[in-house]
Amino acid sequence: FAGSHVPLEGSQLKAFLLSAQIRVLVDLPSKIWSCLESKSCLKAAQYHLLAQYIAGRLQLEEPDSAVLTALPVLSNHWASLSNIQGSIIQVCRDALTDGSLGEKGLTDNLCAILLLEGGSIRQVFNEFLIARKSAIQDILHSATVASTRVHMVHLATCIRASLHLIASIFSQQDGEHSLLFQTLDRIIQSQSQGEPLLSEFTARSYFKHLPSDIKKFGPNLRITPTEIPQETLHSLCNEWINNITDDEHRSVAQLLQHVPTVKALSSIRLSVFDVLKEPLKEGSVPQDEWENTCQLALGHKISIWTQFIEPALYQRAEEIVGGNIENISSHATAAITEIAEDGGLLSRFDCNIISYMWSPEASSSYHGESKTMTPAIMRFCIDLNEKLHTILEDIQHLLLEKDHTKLASHISKKRMRIKN
């Protein structure tokens, strides 16, 4: 094409038009793969649609295509190009589960799916919810014993990010369209606004020989995009939250079975609190930001900690405390029986063991000697007292002021059982 400045006419013009379109078709695969490698799925989808448009103009899909008859090597080229669509869509769907692209990147991927597969915003929204639920399940099911705390943090982060993305991508804010709708509209209007897809090709020698409709090509949607009504969005999101809550509670409870101490549970709680305090966007106020996110996505505020993690974590704390006290109770019963069988000296003091253990002087052997207790009984009481104090110290790592009554009730119940 170099040096072609003389006006073309007739068959020569047709040959140049055909050659230029074939050249674009040959160049597009490398462009598409380059876009996929850089995670620019929307541009890859647009290039693929352009390739389909050019193929339609050249009638490459016709069984008796004159172009393929003249250039049989183009047949394999077009076959490989037509199969790229599946790869583009797969990369887009993988990104929905990953979520690392952020709201703009994910919006572009959702637009790419809409352009390539058709469908409505409501359909890709349902697909997005399924992908985010799958991401949450992957976190829970891939968890290992050694990384329980890390996975709880990832769980809280994933749920929070999912709601933030829903609010940012699909919600209408302040009377404006959603980010997804605005992005679709921009793509469709790009042709009329002088932003042709082939702007990167303008410097190439063959560009001037391309037909005007290819120079100005812009993709169209099969279905006119319509927003999801805010009430419908809230309903679908609340249903999604309820579904993942039921599944997640069971999985979290199973995962926390590997946590052996209340102190370790406290570490999990503090890590989750820390990550939930971080702002989603730089410079924002976390509390205000979260309230706005919940209002847009759900229509009301929720607490990720309270709804998703706290019930299973506190249930596990009660199990740990109850199990430890059960063990102490069993050992204490066996020790008392052994002392009674060895010396028969327990009858005078069995009613005083509990009062001894929980008296201020219990750590002193003089207190026991003043009550004429045998050394065996004193050792038993001191040992039992130390074990119960160890449990109380472990509990203190987790207890907030409002939590004390529920967990501490286990202590009083077990005291009564030991006393009886």
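In this text, all values refer to a predicted model and were calculated from it rather than measured experimentally.

Colleague: Just give me the short version of the overall build of the protein chain, but keep the residues and values in it.
Modeller: Secondary structure assignment for the protein chain yields 18 helices and 0 strands. Relative to its 420 residues, the protein chain shows a buried fraction of 45%. As displayed, the protein chain offers around 21600 Å² of accessible surface, 51% of which is attributable to carbon and sulfur atoms.

Colleague: Can you explain the packing of aromatic side chains? Please cite residues and give values.
Modeller: Within the structure shown, the criterion is met by 5 aromatic pairs. A ring pair is formed by Phe 128 and Phe 170, whose centres lie 5.5 Å apart and whose planes are at 55°; its orientation type is tilted. Taken as a pair, Phe 128 in helix 7 (residues 121-141) and Phe 170 in helix 8 (residues 148-170) lie far apart in primary sequence, 42 residues in all. Given the relative accessible area of 0%, Phe 128 is considered buried. Residue Phe 170 is classed as buried on the basis of its relative accessible area of 1%. Note on Trp 305 and Tyr 314: the rings are 6.5 Å apart at their centroids and 75° apart in plane angle, and the pair reads as edge-to-face. The class for Trp 305 is buried, based on a relative accessible area of 8%. Here the aromatic cluster, defined as three or more aromatic residues joined through ring pairs, consists of Phe 125, Phe 128 and Phe 170.

Colleague: Provide a residue-level description of the side chain of Glu 248, including the pertinent values.
Modeller: In this structure, Glu 248 sits in helix 11 (residues 230-256). This buried residue, Glu 248, is left without a salt bridge; Arg 250 holds the nearest opposite charge, at 9.7 Å. Not counting chain neighbours up to four residues away, the residues in contact with Glu 248 comprise Leu 140, Leu 155, Phe 308 and Ile 309.

Colleague: Account for the layout of surface pockets, with residues named and values stated.
Modeller: Approximately 310 Å³ is the volume attributed to the largest pocket. Around the largest pocket sit 14 residues that line it, and Leu 276, Lys 277, Gln 287, Trp 290 and Ser 303 are the ones nearest its centre. Among the elements of the structure, helix 12 (262-277), helix 13 (286-297) and helix 14 (304-343) are those that each provide at least two residues to the lining of the largest pocket. Residue contributions to the lining of the largest pocket peak at 4 residues, all from helix 13. By residue class, the composition of the lining of the largest pocket is 8 nonpolar, 2 polar and 4 charged.

Colleague: Go over the environment of Glu 318, please, and point to the residues and values.
Modeller: Tracing the backbone through its elements, the reader meets Glu 318 in helix 14. Among the residues examined, Glu 318 registers a relative accessible area of 22% and is labelled partly exposed. In this structure the C-alpha to C-alpha distance between Glu 318 and Val 262, which are 56 residues apart in sequence, comes to 8.8 Å.

Colleague: Just give me the short version of the pattern of salt bridges, but keep the residues and values in it.
Modeller: Using the criterion set out here, one finds 9 salt bridges in the structure. The salt bridge involving Glu 117 is made with Arg 93; its shortest N-O contact spans 2.8 Å. One end of the pair, Glu 117, is in helix 6 (residues 102-117); the other, Arg 93, is in helix 5 (residues 84-98), with 24 residues separating them in the sequence. Given a relative accessible area of 35%, Glu 117 falls into the partly exposed group.

Colleague: Which residues make up the confidence of the model for the protein chain, and what values go with them?
Modeller: Mean pLDDT over the protein chain stands at 79; residues scoring 70 or higher make up 75%. Contacts for the low-pLDDT stretch residues 1-6, under 50 throughout, to residues beyond four places or in other chains number 10 contacts. The model gives residues 365-372 a pLDDT under 50, and that stretch makes 11 contacts with residues more than four places away or in other chains.

Colleague: Which residues make up the environment of Asp 394, and what values go with them?
Modeller: Along the polypeptide, Asp 394 turns up in helix 17 (residues 375-396). Discounting chain neighbours no more than four positions away, the residues touching Asp 394 are Thr 261, Val 262 and Lys 263.

Colleague: Requested: an account of the packing of helix 8 against helix 13, with residues and values cited.
Modeller: Here helix 8 crosses helix 13 at 65°, and the two axes come no closer than 8 Å. Remark: the crossing between helix 8 and helix 13 carries left-handed chirality. Here Arg 160, Leu 163, His 164, Ile 166 and Ala 167 of helix 8 lie close against helix 13, whose contacting residues are Trp 290, Thr 293, Leu 296 and Ala 297. Residues of the contact of helix 8 with helix 13, tallied by class, amount to 6 nonpolar, 2 polar and 1 charged.

Reading the values: rules and limits
- Residues numbered from 1 in each chain as written.
- Predicted model: local features only at pLDDT ≥ 70, side-chain atom pairs only at ≥ 80, totals over all residues.
- Heavy atoms only, no water.
- Helix = DSSP H or I, 4+ residues; strand = E, 2+ residues; numbered from the N terminus.
- Buried < 20%, exposed > 50% of the residue type's maximum accessible area, 1.4 Å probe, protein only.
- Areas by Shrake-Rupley, 256 points an atom, 1.4 Å probe, with all protein chains shown as cover.
- Phe/Tyr/Trp six-rings, centres within 6.5 Å; stacked < 30°, edge-to-face > 60°.
- Lys, Arg positive; Asp, Glu negative; His and termini not counted.
- Salt bridge = Lys/Arg side-chain N within 4 Å of Asp/Glu carboxyl O.
- Contact = heavy atoms within 4.5 Å.
- 1 Å grid on protein atoms, 1.4 Å probe; cavity = no way out; pocket = protein on both sides within 12 Å on 5 of 7 lines; lining within 4 Å.
- Points joined across faces, edges and corners; volume = space filled by probe spheres on them.
- Nonpolar A, V, L, I, M, F, W, Y, C, P; charged D, E, K, R; others polar.
- pLDDT = per-residue confidence, 0-100.
- Axes fitted to C-alpha atoms, helices over the stretch in contact; angles between N-to-C directions.
- Left-handed = near helix turned anticlockwise from the far one by under 90°.

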